[in-house]
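Observations on the model geometry
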Amino acid sequence: MQISPFRFIFLFVLAGLGSCATPAPDEGAISQSDAVAMAARAPDTASRLRMDVAWLADDARQGREAGTQGYVDAAEYVAARLEAMGAEPGADGEWFQNVPLQSSTPVLDAASVTITLPDGKIRRLTNLDDFRIFPSARSESFSIENAEAVFAGFGVHAPAFGHDDYDDIDVNGKVVVYFSGAPDSFDNESRAHFNSGGLKAKEASERGAIGVIALFTAATEESRPWDRYVANPTRTSMTWLWPDGRPETAGQNIKGSATLHPDKAALLFEGAEQSYKKVRNEADAEGTSPEGFDLAVRVSMSGAVTTQTVSSPNVIGLIPGSDPELKDEYVILSGHLDHLGVNERLIAEGKDGINNGAMDNATGIAVMLEVARRLVSGEPPKRSVIIAAVTAEEKGLLGADYFAHFPTIGGGEMVANVNLDMPVMLHEFTDVVAFGAERSSLGPVMNDALAQTGVTLAPDPIPQLGIFTRSDHYRFVEQGVPSIFLWPGFSNGGEENFWAFYKNHYHRPSDDLSQPIRYQDLARFADINYIIARAIADADERPQWNEGDFFGDLFAGE
C-alpha cells in the first residue's frame, strides 16, 4: 500500500496519542474531518504544527495555487480548524471572503522585443533567453512600435530623500529603461519600497511613458538568477478586480513591460552618451546612482496573454473583543495560504512538478492557527482579532491587498497587523529579525516578548532581498496600519540553513515534507508571536507610528 506523506505523519502523531486515539483507517488518504480532529487532539504544540503542515503541504493539495481546487481544499481545512477551536466566522457571518481575480497566462509565441540601433540595424531578441515580457492586465495583448527610449537610472522618484531619476528627462510617449533596485543611500526598508515594480511603473506612467524595460543589477543577478527568473514561463499572473470589474493595475499608461538578460542590456545603450558598462558600474557601486539621459535606439515590443476571471477565498476567522470600548478595534493576524501550484514543464519532463510549499507558507499558517488557538482558549482579548489566511500572495500580495481595501470589520478599524510568512525553521533559533518593528510602538511590545522567551533581536541580514515589501504585512502598511513580521534569525547556524534553503528549495518542488523542519523550535516561534498578538489586543493604547517615520508619514500622515 502506498502511503502519502500526510498519512505517514498522521500515523506518526497517532502513535504519540496512546489508546485514547481513534484508530487510523487501514487504507486510503486521511479525510479532512479526520485531519482536523487529529490536529485538535494532538498531544502538544509541535505535534499540532506538524499535522497542519503535513495536510497543507501534501501532494493532494497540488501546490495550493490561488484559484485551484487544491487551494480551496486547503482553505476549507483552515476554516474547519478555526471552527473546531472555537473561533467565529469573520466575513459577514461566513468563513470565506471571496476575492475576484483576473488570471493571465502568457502566450509565449506572441512575445517579441526588437531593438533598432542608431545605424538602422534591427536586433531581434529571443524570448526567455534574452528577455521576458509582461503585458498590462488591462488588455490581452499590446504592441509598441519603434518607440524612442530613455534611461532613467533606478526609475525612482523620492522627494523625501532628495532623489528624482526623472529630473531633466522627458519620457512622454517613450519606453523607460531603468535598473532594478533603488539608491543605497536610502535605508533598507525604504529602499525596498522604491524597488517596487508597480511603483516604478506608476511613476513612469504619470509622466506619459508607454512601456518600461527593467535591467538587472549585480544584486539582482545574485538574488534572482536568470534561469530561475524564467523557470516557469507559463505561470499565470493575477490581479484583483474592483467591484466595477476593473483590474487593479499600477501605471495606467504602461502598455507592457519587459526585463532584459544582462548580456543583452548593452544593446539599449548603443550610440548613447554613456555606455551600459558605465551606468551598470554606477548602479552596482556603493554610494553612486546613475543619472538619466536619452537613448539613441528605438524599441518595439509586443506580448499577449489569455485571461479568465476566477475567485479564490481569503479564510477569515474572528475572535470578538471583550472590552466595550476596544472591541471595534481589530488586530489582524495574517499569513498566506497559497503557493505556486504545479510546474507543468517539469511534469512534462517526468519530474516532480508539485510546489508543495511546506516552508512557504504551510509553516506560517500552522503558527497562525496555533496563535489563534491560544487566543480562543484563554481569556478573551480586549480588542477583536481577525485571523486571515489570505490568498494569492505569490501573485503579488493580492488577497491581503483586497482585504486591506475591503476589511470585513463593519464600522471598526484595523489598528495593527502581525504577519506570518515562511519561517525557515531548520535550526534552533536564538534570535529573530523583526521587519517593521522599529517603525512603531510595536517595537517595545516585541522587545518584551523576546525578553520573556530569551530570544534576541537581530538586524535584517539580507537587505538586498527587500523582504519588508514582499509579504502581506506591507499591504496593511500601505493602508496606514502599523505592522510587524518576524523571521528566525541567522545566529546559531541560521544563516547557513537559510541560504541552503533559499538557493536549493525556495519556490521549487523540493520545498516539501522532506525538509527537516524543527517543530519544537516552530512551537517556540509560535510562543513569541502569541505574546505579541495578545499584548497588542490587550493594551490600553492602540499602536502608533513613531514620529517622523517614513512609512507612517507616507501612508498614515494627514
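According to the stated counting rule, one finds 26 salt bridges in the structure shown. Taking the shortest distance from any N to any O, the salt bridge between Arg 246 and Asp 244 comes out at 2.8 Å. The partly exposed category is assigned to Arg 246, whose relative accessible area is 44%. Members of the salt-bridge network, linked through shared partners, are Arg 48, Glu 370, Arg 373, Arg 374 and Asp 527.

Further remarks concern the packing of helix α3 (residues 45–56) against helix α4 (residues 69–85). Geometry of a packed helix pair, given as the angle between the helix axes and the separation of the axes. Their axes nearest at 10 Å, the elements α3 and α4 cross at an angle of 155°. As the angle between them shows, α3 and α4 are arranged roughly antiparallel. Taken together, the residues of α4 that come into contact with α3 (itself represented by Arg 48, Met 51, Asp 52, Trp 55 and Leu 56) are Asp 73, Ala 74, Tyr 77, Val 78 and Arg 81. Across the contact of α3 with α4, the residue classes tally to six nonpolar, no polar and four charged.

Let us now look at the environment of Pro 290. Note on placement: Pro 290 falls in the loop between α9 (276–284) and β13 (293–319). Excluding residues within four positions of it along the chain, Pro 290 makes contact with Phe 151, Gly 153, Phe 154, Asp 165, Phe 179, Val 279, Glu 282 and Ala 283.

The next point concerns the environment of Gly 443. Looking at the secondary structure, you find Gly 443 in helix α13 (residues 442–453). C-alpha separation for the pair Gly 443 and Ile 484, spaced 41 residues apart in sequence, amounts to 8.4 Å.

What follows is about the packing of aromatic side chains. Under the definition given, this model contains 37 aromatic pairs. With 5.3 Å between their ring centres and 50° between their planes, Phe 151 and Phe 293 make a pair best called tilted. Separated by 142 residues along the polypeptide, Phe 151 in strand β6 (residues 141–151) and Phe 293 in strand β13 bring together distant segments of the chain. In terms of burial, Phe 151 and Phe 293 fall into one category: buried. Arranged with centres 5.5 Å apart and planes meeting at 75°, the rings of Phe 468 and Tyr 474 form a pair that is edge-to-face. Its relative accessible area of 3% is what places Phe 468 among the buried residues. Linked through ring pairs, Phe 161, Phe 186, Phe 194, Phe 468, Tyr 474, Phe 550, Phe 551 and Phe 555 together constitute an aromatic cluster.

Before going further, it helps to examine the confidence of the model for the chain. Mean pLDDT over the chain: 93, with 95% of residues reaching 70 or higher. For residues 14–28, every residue scores under 50 in pLDDT, and the model assigns this stretch 19 contacts once sequence neighbours within four places are set aside.

Moving on, we get to the pairing of strand β21 (residues 483–488). Taken across its six residues, β21 has six buried, putting it largely inside the fold. Neither face of β21 is open: one carries Ser 483, Phe 485 and Trp 487, the other Ile 484, Leu 486 and Pro 488, and all of them are buried. Pairing analysis gives three bridges linking strand β18 (residues 413–420) to β21, with the strands arranged parallel. The residue of β21 that forms the bridge with Asn 419 is Phe 485. Note that strand β19 (residues 431–435) and β21 share four bridges and pair antiparallel. If you follow Phe 435 over to β21, its bridge partner there is Phe 485.

Attention now goes to the side chain of Asn 529. Mapped onto the secondary structure, Asn 529 falls in helix α16 (residues 519–538). If sequence neighbours within four positions are ignored, Asn 529 has contacts with Val 371, Val 418, Leu 420 and Leu 486.

Counting 133 residues, the largest nonpolar core has Val 78, Leu 82, Ile 213, Leu 215, Leu 268, Leu 295 and Leu 337 as its most contacted members. The biggest single contributor to this core is α16, with twelve residues. If we skip the residues at most four places from it in the chain, Leu 268 touches Ile 115, Val 177, Ile 213, Leu 215, Leu 260, Leu 295, Val 297 and Val 299. One finds Ile 316, Ile 332, Ala 388 and Phe 403 within the second-largest nonpolar core, a separate group that totals 15 residues.

To continue, consider the side chain of Ser 471. As for its position among the elements, Ser 471 is in the loop between β20 (456–458) and α14 (473–477). Contact partners of Ser 471, with chain neighbours within four places excluded, come to Glu 393, Leu 397, Asn 419, Asp 421 and Phe 485.

Scoring rules and cut-offs
Residues numbered from 1 in each chain as written. Predicted model: local features only at pLDDT ≥ 70, side-chain atom pairs only at ≥ 80, totals over all residues. Heavy atoms only, no water. Salt bridge = Lys/Arg side-chain N within 4 Å of Asp/Glu carboxyl O. Buried < 20%, exposed > 50% of the residue type's maximum accessible area, 1.4 Å probe, protein only. Axes fitted to C-alpha atoms, helices over the stretch in contact; angles between N-to-C directions. Helix = DSSP H or I, 4+ residues; strand = E, 2+ residues; numbered from the N terminus. Parallel < 35°, antiparallel > 145°, perpendicular 65-115°, else oblique. Contact = heavy atoms within 4.5 Å. Nonpolar A, V, L, I, M, F, W, Y, C, P; charged D, E, K, R; others polar. Phe/Tyr/Trp six-rings, centres within 6.5 Å; stacked < 30°, edge-to-face > 60°. pLDDT = per-residue confidence, 0-100. Pairing = 2+ DSSP bridges. Core = buried A, V, L, I, M, F, W, Y, C linked by side-chain atoms within 4.5 Å.

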